[in-house]
Structure formats: C-alpha cells, structure tokens
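Commentary on secondary and tertiary structure
Listed below are the residues making up each chain.
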Amino acid sequence: MGITLALIAGVFNSLTNFCVKKGIDIEGTAKLFFLCQILASSLFALILGPLLKGEFTIQLYPSLLGICAGIILYIMLFSLGIAVEKGTPGLTFATLNSATILPGIIMAYLFGADCGFYIGLAHVVGLLFVIIGLFWGVTGVKQIREKNVWITFASMVFLFHIFLLCLFQYRAMLIKVADLKQFDSEWFTPFMFLTCLSIQLIAYLYSNRRFPNRKEIMVGFAGGLTTLLCTLSLLLSAKKALPFENAVIFPMASVASILLTNFWSQKLYSEEINWKACQLLVFGIIIGTINWKLILTKIGGLLGL
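Calculation notes
Residues numbered from 1 in each chain as written. Predicted model: local features only at pLDDT ≥ 70, side-chain atom pairs only at ≥ 80, totals over all residues. Heavy atoms only, no water. Patch = residues over 30% accessible without salt bridge, like charges linked within 9 Å, V, L, I, M, F, W, Y side chains within 5 Å. Areas by Shrake-Rupley, 256 points an atom, 1.4 Å probe, with all protein chains shown as cover. Salt bridge = Lys/Arg side-chain N within 4 Å of Asp/Glu carboxyl O. Helix = DSSP H or I, 4+ residues; strand = E, 2+ residues; numbered from the N terminus. Phe/Tyr/Trp six-rings, centres within 6.5 Å; stacked < 30°, edge-to-face > 60°. Buried < 20%, exposed > 50% of the residue type's maximum accessible area, 1.4 Å probe, protein only. Lys NZ or Arg CZ within 6 Å of the ring centre and 35° of its normal. Axes fitted to C-alpha atoms, helices over the stretch in contact; angles between N-to-C directions. Parallel < 35°, antiparallel > 145°, perpendicular 65-115°, else oblique. Left-handed = near helix turned anticlockwise from the far one by under 90°. Nonpolar A, V, L, I, M, F, W, Y, C, P; charged D, E, K, R; others polar. 1 Å grid on protein atoms, 1.4 Å probe; cavity = no way out; pocket = protein on both sides within 12 Å on 5 of 7 lines; lining within 4 Å. Points joined across faces, edges and corners; volume = space filled by probe spheres on them. Core = buried A, V, L, I, M, F, W, Y, C linked by side-chain atoms within 4.5 Å. Contact = heavy atoms within 4.5 Å.

**Let's talk about a nonpolar patch on the surface**
Where nonpolar side chains cluster on the molecular surface, the patch consists of Leu39, Leu43, Ile47, Leu48, Leu51, Leu52, Phe56 and Leu232 and spans about 740 Å² of accessible area. Top contributing element to the nonpolar patch by residue count: helix 2 (residues 31-53), with six residues. Relative to the helices and strands, phenylalanine 56 resides in the loop between helix 2 and helix 3 (60-86).

Structure follows, in structure tokens:
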C-alpha cells in the first residue's frame, strides 16, 4: 500500500512540476507562482483536513511540527524558484527528486528496524542505480546561465527536501511505533502550508507588490491543489508503508515523477530525453523494492531448507 501511494504522489508531483514550468513561462519568475500555489494549498488543506473531518481542536505538538515543516518548505521552494530561473527545469527537478533517495536510509541508520525502518544491501544497490539514472538522464545539459548560483541553490533544494521528507517519516514513526495518536492530527498539514504562506507573503510584500494576474492565479491554484494531493499521498504513504517499504517509498515517488515529467517535457516542449537512463531507474526500482529476504525465506521453505 505504501508503494502504491508513493506512485500516486509521483503523479501529482509531476503535475506540480508542469504547473511550475507554466507559471515561470507567464512572467519569467517563480515568486508569484509559489505565492499563489501555497495560498491554494493552505485553503485546500484546511477544507479537506480539519474542516471536512470536523476536527477543530488544535493539538500543540503536531502544530509545532507543522510549523517546522513549513519553515523547511519555504526555504526549499525559495531555493527551487531561483534554481529553476538560473538553470534548466529538467536538471533542477532531477536534483529535487534525487533527494528522496536518502531519507529512508537516514531513518534506518538513526532508528533501525525496531522502529520500522529496514534497510538491506539490495536497497542500497537499487537506490544507487536510481540516483545514477536520475543524473544520467540530464547529462549534457549546459544551458545554465549562472552556474555557481545554480549549484548553491540546487544544493539547498536537495538538502532541505531531505529534511522535509525525514520529518514526514519521523511523524509517521511517532504515530505508528510510539503510538502517539495526537501526531495524527489533521492540523499538521494546514500549519505547514500556512507557515510557509506567511513567510512567503512577508517576503513578497517586502520585495514586490505587484498583484498577480488571472493566469498566474489559475496556474498557481492548480499547482497548489496538486502540491497538497502530493503531500497528503506522501504522508499517507509513510503511515501505511511496511518496514521493508520505508526506505523506498520516497524514491518510488521520485522516479514516477521523473518519468512522467520527462514524458510531458518531450511531448509538449520537444526536449531530448535519455530513455536509457529511465530504464536504469526501473532496474534500480526492481532491485531496491523487492523484499529479497522474504522471497529467499519462502524459497527455502519450499525446498525444505
């Protein structure tokens, strides 16, 4: 179930990437797009979360965790906007998505199998194939206007995406392993987006006071909805994941997003895609997501070993 939800998150993430591309095409900057996007995500998170489910009691600790997530999300989106403007979307999104390789491994190292984070050699080998495939798919891209600036902010995108996904899995661990049901509060996601929105709004009013036009609002709200659905799918994926799935759910979402983003980039923008790299990604998924220990145990049982 965790892997299925991760794939669904990948679909929504690809749609978000498309909205980012369209948003930048309108005015050449991502600032207004991200402002409209997070405003929409905040509204949808409130409606589909606590308002729809009738949860009006705000829990302190889940809300504080959501505020931390919102700060991390703002820094990640701020860095992403500059990276997309200074570099190429394909390379930037590949960097963003390649960060999904590490949270499962980090959580397994910090908390281990007792907390539901199992990692084996097959996972590591498979994930190495995945990350090689991600970067191989964008080799040869040289249209980066300000390389040093792009490297700086792309690195920040990579780092803070890892922080955000680790926080998602930490929250899931508190719910599933520590049985702290209060962290399952519907207010976590709204507080995350509202915190990000508040910082974005202050920064935008300080630097640029232009009101968004109709196209920016429409594309931003579309991106906001897909961002929320992607986030909810990832959170649910972390909650539903089996121990051997914990290390691979985010990479699965990443690969699904990369494949779909490459598809619409080729069909709509005639971008050259390295499909051999995509095949390497699939190979890495097969190695990294199969529970080899369980399979070998069953084979041994059938053979009477």
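And the narrative resumes.
**Quick notes on the packing of aromatic side chains**
Summed over all chains, the structure comprises eight aromatic pairs. Pairing phenylalanine 18 with tryptophan 264 gives two aromatic rings, centres 5.2 Å apart and planes at 80°, and the pair type is edge-to-face. Placement of the pair is phenylalanine 18 in helix 1 (residues 2-27) and tryptophan 264 in helix 10 (residues 249-269), with a sequence separation of 246 residues. On the accessibility criterion, tryptophan 264 (13% relative accessible area) is buried. Through a chain of ring-to-ring contacts, three or more aromatic side chains come together here, namely Tyr74, Phe78 and Phe153. The ring of phenylalanine 188 carries arginine 171 above its face, with NZ or CZ at 4.5 Å from the centroid.

**Regarding the packing of helix 3 against helix 7 (residues 147-176)**
Between two packed helices, the angle of one axis relative to the other and the distance separating the axes together describe the packing. One way to put it is that helix 3 packs onto helix 7 with a least axis distance of 8 Å and a crossing angle of 155°. The orientation of helix 3 relative to helix 7 falls into the category roughly antiparallel. As for how helix 3 packs across helix 7, the hand of that crossing is left-handed. Across the contact of helix 3 with helix 7, the residue classes tally to 21 nonpolar, two polar and two charged.

**Side note on the layout of surface pockets**
Estimates place the volume of the second largest pocket at around 330 Å³. Looking at the second largest pocket, it is lined by 15 residues, and the ones nearest its centre are Lys53, Glu186, Thr189, Leu232 and Leu235. Of all the secondary structure elements, the ones that give two or more residues to the lining of the second largest pocket are helix 2, helix 8 (188-207) and helix 9 (214-240). The dominant element in the lining of the second largest pocket, judged by the number of residues it contributes, is helix 9, at five residues.

**Some details on the nonpolar core**
Soluble globular proteins tend to bury their nonpolar side chains together. If you look at the biggest cluster of nonpolar residues, it comprises 60 residues, and the most contacted ones within it are Leu73, Leu77, Leu80 and Phe168. Met107, Ala108, Phe117 and Met173 belong to the second largest nonpolar core, which has seven residues in total.

**Regarding the side chain of serine 257**
Within the secondary structure, serine 257 is located in helix 10. In this structure serine 257 comes out as buried when scored by relative accessible area, which is 0%. If sequence neighbours within four positions are ignored, serine 257 has contacts with Gly10, Asn13, Ser14, Asn17 and Asn97.

**Here we look at the environment of leucine 43**
The residue leucine 43 is located in helix 2 in this model. With relative accessibility at 39%, the residue leucine 43 sits in the partly exposed group. Note: C-alpha distance between leucine 43 and proline 190 (147 residues apart in sequence) is 8.0 Å.

**A closer look at the pattern of salt bridges**
One pass over the full model with this rule turns up four salt bridges. In this structure, lysine 53 and glutamate 186 form a salt bridge, with 3.1 Å as the shortest nitrogen-oxygen distance. Of this pair, lysine 53 sits in helix 2 while glutamate 186 sits in the loop between helix 7 and helix 8, and the two are 133 residues apart along the sequence. Here lysine 53 falls in the exposed class, since its relative accessible area comes to 54%. With a shortest N-O distance of 3.3 Å, aspartate 179 and lysine 181 are connected by a salt bridge. For aspartate 179, a relative accessible area of 47% translates into the label partly exposed. The exposure class of lysine 181 is exposed, given its relative accessible area of 54%. By sharing partners, the salt bridges in this structure join Arg171, Asp184 and Lys239 into a single network.

**Some details on empty space enclosed by the protein**
Empty space among the atoms can be located by rolling a probe the size of a water molecule over them. Applying the stated criterion across every chain, the model contains three cavities of 30 Å³ or more. Looking at the largest cavity, its volume works out to about 370 Å³. Along its surface, the largest cavity is lined by 27 residues, and Asn13, Met76, Leu96, His161 and Cys230 are the ones closest to its centre. For the lining of the largest cavity, the secondary structure elements donating two or more residues are helix 1, helix 2, helix 3, helix 4 (89-98), helix 7, helix 9 and helix 10. At five residues, the largest contribution of residues to the lining of the largest cavity is made by helix 1.

Such coordinate-based values are descriptive only and should not be taken to indicate function.
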